[in-house]
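This is what each chain is made of:
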Amino acid sequence: MSLSMYKVSAPVFVRGLNVMAGLLRKAQAHAEETGKVPETLLSARLADDMLPLAAQVQRASDTSKLSIERLSGIAAPKFPDNEASFEQLQQRIANTIAYIESVGEEHFANSETREVALSFGSFRPTFTGESYLLTFALPNFYFHVVTLHDILRNQGVKIGKIDYLGPYEG
């Protein structure tokens, strides 16, 4: 059985977003148990020149939904990047998952050869759909998932590798 572009994108993004949701639940519980102000966690960074925790969730959301849009041609919802609480970040994750799950596998037909052109300032690469997904979108998405994990670890939240890997769904 061969892997389809759908199978290596939509379910992978949903799983990663669910991992983020689980990490955020643990972070919220940690804040409640320790009396830590939630805003302290939401604005925490690993380094001064890195984005804060809330932005890691926003970027993972954007990367996943825009990847699905670029591969399927189905427009993704736009979110304003204004989440300021655990609840709002959880809602963004839920909204992102709802969009991804609404795009059927049939919309990914021939997406491996679809041209994907990006434009971020002077960074203007062009990919095939397959190359975009495997060499740009998925690595970028998981960068933000692991950075969220690492920020929480750095802030004393009791999480480990198994929390990052998430539950096995064999």
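Data block above holds the structure.
If you're wondering where the values come from, they're calculated on a predicted model, not measured in any experiment.

Undergrad: Now, about the environment of valine 146: what can you tell me, with residues and values included?
TA: Tracing the backbone through its elements, the reader meets valine 146 in helix α5 (residues 129–154). Considered as a pair, valine 146 and methionine 20 are 126 residues apart in the sequence and their alpha carbons are 9.0 Å apart.

Undergrad: Requested: an account of the side chain of serine 72, with residues and values cited.
TA: In this structure, serine 72 sits in helix α3 (residues 53–72). With a relative accessible area of 7%, serine 72 lands in the buried category. Residues within four places of serine 72 in sequence aside, it is in contact with Tyr99, Val103, His107, Phe108 and Arg114.

Undergrad: Tell me about the pattern of salt bridges, and name the residues and values.
TA: With the rule as written, the count across this model stands at six salt bridges. Aspartate 163 is the salt-bridge partner of lysine 26, the closest N and O atoms lying 2.6 Å from each other. Note that lysine 26 is positioned in helix α1 (residues 10–34) and aspartate 163 in helix α6 (residues 161–165), a separation of 137 residues in sequence. A relative accessible area of 18% means that aspartate 163 is categorised as buried. Here arginine 92 ties to aspartate 81 by a salt bridge, and the two come within 2.7 Å at their closest N and O atoms. Of the two residues, arginine 92 sits in helix α4 (residues 86–102) while aspartate 81 sits in the loop between α3 and α4, which places them eleven residues apart along the sequence. A relative accessible area of 2% places arginine 92 in the buried class. By sharing partners, the salt bridges in this structure join Arg59, Asp62, Lys65, Asp81, Glu83 and Arg92 into a single network.

Cut-offs applied
- Residues numbered from 1 in each chain as written.
- Predicted model: local features only at pLDDT ≥ 70, side-chain atom pairs only at ≥ 80, totals over all residues.
- Heavy atoms only, no water.
- Helix = DSSP H or I, 4+ residues; strand = E, 2+ residues; numbered from the N terminus.
- Buried < 20%, exposed > 50% of the residue type's maximum accessible area, 1.4 Å probe, protein only.
- Contact = heavy atoms within 4.5 Å.
- Salt bridge = Lys/Arg side-chain N within 4 Å of Asp/Glu carboxyl O.

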